[in-house]
Amino acid sequence: MFRWMALLYVILLCPAMSFAEAARPNVILIMTDDQGYGDLACHGNPALKTPNLDRLYRESVRLTDFHVSSFCTPTRAALMTGRYPARTGAYRTSSGRTLLHTDERTIAHLFADAGYVTGMIGKWHLGDNAPHRPQDRGFQDVVWHRCGGIGQASDYYGNDYFDDTYERNGKFEKFEGYCTDVWFSEAMRFVEENREKPFFLYLAPNAPHGPYRVDAKWSEPYQDTIKWPNGANFYGMVANIDYNLGLLRQRLEELKLSKSTLLIFMTDNGTANGAKFADLTSEAVEGYNAGMRGKKSSVYEGGHRVPCFLHWPEGGLVGGKDIPGLAAHLDLLPTLAEFCEVPVPESHASDGISFAAHLQDANTPPPRDHLVVQFQGGPYFNAMPKAWEFSCVLKDRWRLIDGKELYDLDADPAQRHDLAAEHPEVVKELRSLYLPWWESVSPRMTPVSIDLGNPAENPTELCSQDWYLSKGNPPWHFGAINQLVRVTGPWMVDVQQAGHYRFTLRQWPAVANKPVQAVRAKIEIAGQERETEVDPETMGVVFEMKIPAGKTKLETWLFDEQGEAGGAYFTEVELLSN
């Protein structure tokens, strides 16, 4: 009788916890790179095997109308700040537009201020130099690669996905193994070290971003069936991510953290190579894209609708439930803050809206009325951002593309039939939502500077990917740099301390140990100009100058014997004395 009464007491007084009753959870936010909505078996892909993602899908609450930006840096900016990318300053993937304004506060700042240990592992792509590195932006424990992809220009020279050198808390370190394996291994290390504390971990693998490299054991199962170029390798990279997710979840269970950890899985944009496409805006002509039009870089649905699974047993986020309301990357910051009782000051001015309550009760009205997705400047940056260009306004079942094409996703999920002429009233309504948004965000699309003479990073190595061009992309990969392309541009810099500076101009990073191929060099900064002849076989052209404090531009030229010039794609700047 006593045991029965005790059990009844527990049942009556201790029902299943809601998130409001649960203790503050740990958070692991996983965002893969270039994996689209259709690149999971649980979303209907008939060829790809993802058993661990499928299990997480079955056990999670799923946002089925979840959207990000069409490209990676803008998504990362919105995720970190809860604000529209254009507002943050980081709205493209190169050309000096990958950096957050210094007044932006990140989710890591907020969680650290609330007592969480914060970690960032993998791909950052919001700046390689102070004050823009993850350790400058609120993350206390970081292991990351530079640039937008492993092996790109500003990444550690020679990295190729295997046995690479990454940066740990400000120092380069050689790692053994495949990149994704390293990221998940470091994630498990972070969790184990901080298992007695509340932690927030942002785990951002660079895979399956190109180049499409993976051990053959992962790609071989797809070689006979996936025939478009590098498709089998792309699927193999996803399969490897899936395997590592299984290891991470197993470790959480062993540490008895699986129930108290809020685990989120999402991706940063539409698929890059999960199917074959005729162009960026087409439907898949081979392979699977979940019936959507468009891929990475497109503002059609396949470019920005992605998976988002949330799993937190102690908070009631379980059971394989679909939540159909419109939600976006910028909503995750306020949502996670609400789950974790992390204050978000009014001054943060979040564009995101918490959907925490909606996750617990899908019958409540979705908090988000509409969303604007815009790829500022378009895929090839042929011109400066303009109103309407490469934009999509999302509301209910409607999608307004570029302010003129209208699609009803309920009737036409592949966006084949433009209904603008048949529903002018809907076009008018959606256009009225766009213009106030544009007027609000466009004034913040201004240059963001890299620090010189910052004690947190002195010397600093600048890379041509951050040249601030009016259009087009500067050299961001060694395919262009190795050809010594004849282009240059300015770095926007903020000299933190007036003083005597040394500038070392190169065409390859210092660790490459390659001589400068030029006969004359020139530098301009803060209204000063210097030129010098270049000695044969010199490994770097050195200038020393006294520079005043403040914001300015730094530009370099390396001339060949014909007088044609390209920039110093790599320039080291060191404060020698005040």
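Quick notes on the rules
Residues numbered from 1 in each chain as written. Predicted model: local features only at pLDDT ≥ 70, side-chain atom pairs only at ≥ 80, totals over all residues. Heavy atoms only, no water. Helix = DSSP H or I, 4+ residues; strand = E, 2+ residues; numbered from the N terminus. Buried < 20%, exposed > 50% of the residue type's maximum accessible area, 1.4 Å probe, protein only. Contact = heavy atoms within 4.5 Å. Areas by Shrake-Rupley, 256 points an atom, 1.4 Å probe, with all protein chains shown as cover. Pairing = 2+ DSSP bridges. pLDDT = per-residue confidence, 0-100. Core = buried A, V, L, I, M, F, W, Y, C linked by side-chain atoms within 4.5 Å. Axes fitted to C-alpha atoms, helices over the stretch in contact; angles between N-to-C directions. Parallel < 35°, antiparallel > 145°, perpendicular 65-115°, else oblique. Left-handed = near helix turned anticlockwise from the far one by under 90°. Nonpolar A, V, L, I, M, F, W, Y, C, P; charged D, E, K, R; others polar. Disulfide = S-S within 2.5 Å. Phe/Tyr/Trp six-rings, centres within 6.5 Å; stacked < 30°, edge-to-face > 60°. Lys NZ or Arg CZ within 6 Å of the ring centre and 35° of its normal. Polar contact = N/O pair within 3.5 Å; in protein donor to acceptor, adjacent residues only side chain to side chain.

**Details of the overall build of the protein chain**
Phase 1 of the analysis: Counting secondary structure elements, the protein chain contains 13 helices and 26 strands.
Phase 2 of the analysis: Counting only C-alpha atoms and orienting by the principal axes, one finds that the protein chain spans roughly 95 × 65 × 55 Å.
Phase 3 of the analysis: Expressed as a percentage of its 578 residues, the buried residues of the protein chain come to 61%.
Phase 4 of the analysis: The long-range fraction of contacts in the protein chain, counting pairs at least 24 apart against all pairs at least 6 apart in sequence, stands at 69%.
Phase 5 of the analysis: In the structure as shown, the protein chain presents an accessible area of about 22300 Å², 50% of it carried by carbon and sulfur atoms.

**Let's talk about the pairing of strand E21 (residues 520-525)**
Phase 1 of the analysis: Strand direction decides the pairing type here: E21 and strand E22 (residues 528-533), joined by six bridges, are antiparallel. Of the residues in E22, the one forming a bridge with isoleucine 523 is arginine 530.
Phase 2 of the analysis: Linking two consecutive strands that pair antiparallel, namely E21 and E22, is a turn of two residues; a positive phi of about 50 degrees is found at alanine 526 within it.
Phase 3 of the analysis: Inspection of the sheet shows E21 paired to strand E24 (residues 550-559) by six bridges, in the antiparallel sense. The residue bridging arginine 520 from the neighbouring strand is phenylalanine 559, located in E24.

**Focus on the confidence of the model for the protein chain**
Phase 1 of the analysis: For the protein chain, per-residue confidence averages 95 on the pLDDT scale, and 97% of positions sit at 70 or higher.
Phase 2 of the analysis: Scored below 50 in pLDDT, residues 1-16 shows three contacts in the model against residues more than four places distant or in partner chains.

**What to know about helix H10 (residues 332-339)**
Within an α-helix, residues lying three or four positions from one another point in the same direction, as the helix has 3.6 residues per turn.
Phase 1 of the analysis: The buried fraction of H10 is high, at seven of eight residues.
Phase 2 of the analysis: For H10, every residue scored as buried is listed here: Leu332, Leu333, Pro334, Thr335, Leu336, Ala337 and Phe339.
Phase 3 of the analysis: A positive backbone phi angle near 55 degrees is found at glutamate 341, which sits one or two residues after H10.

**What to know about the nonpolar core**
Phase 1 of the analysis: With 50 residues, the main nonpolar core has Ile28, Ile30, Trp183, Val191, Leu201 and Leu203 as its most contacted residues.
Phase 2 of the analysis: Of all the secondary-structure elements, those providing two or more residues to this core are strand E1 (26-32), helix H2 (51-59), strand E3 (117-123), helix H6 (179-193), strand E7 (199-204), helix H8 (231-254) and strand E8 (261-267).
Phase 3 of the analysis: Ranked by residues supplied to this core, first place goes to H8 with ten residues.
Phase 4 of the analysis: Excluding anything up to four places from it in sequence, valine 191 contacts Ile28, Phe199, Leu201, Leu252, Leu255 and Leu257.
Phase 5 of the analysis: Ranked by size, the runner-up nonpolar core spans 48 residues in total, among them Ala22, Leu63, Met80 and Leu100.

**Here's the deal with the environment of tryptophan 476**
Phase 1 of the analysis: With respect to the helices and strands, the residue tryptophan 476 is situated in the loop between strand E18 (460-463) and helix H13 (478-481).
Phase 2 of the analysis: The sequence separation of tryptophan 476 and aspartate 402 amounts to 74 residues, and the corresponding C-alpha distance is 28 Å.
Phase 3 of the analysis: Among residues more than four places away in sequence, those in contact with tryptophan 476 are Cys147, Gln152, Ala153 and Gln465.

**Topic: the sheet that holds strand E13 (residues 371-374)**
Phase 1 of the analysis: Across the sheet, four strands lie side by side as E13-E14-E15-E16; this open sheet has antiparallel pairing. On the outer flanks of this sheet lie E13 and strand E16 (405-408), each paired with one strand and no other. Here the strands of the sheet are splayed against their neighbours by 20 degrees on average, with no regard to which way each runs.
Phase 2 of the analysis: When strand E15 (residues 398-401) meets E16, the two strands line up antiparallel, connected through four bridges. Residue pairing across strands places arginine 399 opposite tyrosine 407, the latter belonging to E16.
Phase 3 of the analysis: Packing against the sheet, helix H12 (residues 424-441) makes contact with E13, strand E14 (391-395), E15 and E16, and its axis sits at approximately 115 degrees to E14.

**Digging into the pairing of strand E20 (residues 499-506)**
Remember that side chains alternate between the two faces of the sheet whenever the strand is regular.
Phase 1 of the analysis: For E20, a buried count of six out of eight residues is recorded, marking the element as mostly surrounded by other parts of the structure.
Phase 2 of the analysis: Strand direction decides the pairing type here: E20 and strand E23 (residues 541-547), joined by seven bridges, are antiparallel. Bridged to threonine 504 within E23 is valine 542.
Phase 3 of the analysis: Inspection of the sheet shows E20 paired to strand E26 (residues 570-577) by seven bridges, in the antiparallel sense. Along E26, the bridge assignment pairs arginine 506 with phenylalanine 570.

**Some points on the packing of H6 against H8**
Phase 1 of the analysis: Across the interface, H6 lies against H8 with an axial gap of 10 Å and an inter-helix angle of 15 degrees. Between H6 and H8, the crossing angle belongs to the class labelled roughly parallel. Handedness of the crossing formed by H6 with H8: right-handed. When H6 is examined against H8, the residues Thr180, Asp181, Phe184, Met188, Val191 and Glu192 are found in contact with a partner set consisting of Asn240, Ile241, Asn244, Leu245, Leu247, Leu248, Arg251 and Leu252.
Phase 2 of the analysis: For the contact of H6 with H8, the per-class residue count stands at eight nonpolar, three polar and three charged.

**What about the state of the cysteines?**
Phase 1 of the analysis: For the structure on display, the rule yields zero disulfides.
Phase 2 of the analysis: Cysteine 392 takes part in no disulfide bond, and the closest cysteine sulfur to it belongs to cysteine 308, at a distance of 18 Å.
Phase 3 of the analysis: Exposure remark for cysteine 392: the relative accessible area of 0% places this residue in the buried category.
Phase 4 of the analysis: Left unpaired, cysteine 463 is separated from the closest cysteine sulfur, that of cysteine 147, by 5.9 Å.

**Quick look at the packing of aromatic side chains**
Phase 1 of the analysis: A complete count under the given rule lists 29 aromatic pairs for this structure.
Phase 2 of the analysis: Both rings, one in phenylalanine 111 and one in phenylalanine 200, keep their centres 4.8 Å apart while their planes meet at 40 degrees; by these two values the pair is tilted. One end of the pair, phenylalanine 111, is in helix H5 (residues 107-113); the other, phenylalanine 200, is in strand E7, and 89 residues separate them in sequence.
Phase 3 of the analysis: We classify phenylalanine 111 as buried; its relative accessible area is 1%.
Phase 4 of the analysis: Three or more aromatic residues joined by ring pairs form one cluster here, namely Tyr84, Trp388, Tyr434, Trp437 and Trp438.
Phase 5 of the analysis: Arginine 62 extends its terminal NZ or CZ atom over the ring of tyrosine 57, reaching a point 3.8 Å from the ring centre.
Phase 6 of the analysis: Above the face of the tryptophan 557 ring, lysine 522 is positioned so that its terminal group lies 4.7 Å from the ring centre.

**Describing the side chain of histidine 209**
Phase 1 of the analysis: Examined against the element boundaries, histidine 209 turns out to sit in the loop between E7 and helix H7 (216-219).
Phase 2 of the analysis: A residue is classified by how much of its surface remains accessible, and histidine 209, at 12% relative accessible area, is buried.
Phase 3 of the analysis: In contact with histidine 209, other than residues within four places in its own chain, are Asp33, Asp34, Lys123, Gly148, Gln152, Tyr161, Met237 and Lys296.

**Topic: the side chain of asparagine 45**
Phase 1 of the analysis: Mapped onto the secondary structure, asparagine 45 falls in the loop between E1 and H2.
Phase 2 of the analysis: The buried category is assigned to asparagine 45, whose relative accessible area is 4%.
Phase 3 of the analysis: A distance of 3.0 Å separates the side chain of asparagine 45 from the backbone nitrogen of leucine 48, its partner in a polar contact.
Phase 4 of the analysis: A polar contact of 3.0 Å, which involves the side chain of asparagine 45, links it to the side chain of tyrosine 235.
Phase 5 of the analysis: Not counting residues up to four positions away in its chain, the partners in contact with asparagine 45 are Gly38, Asp39, Leu40, Tyr235 and Tyr288.

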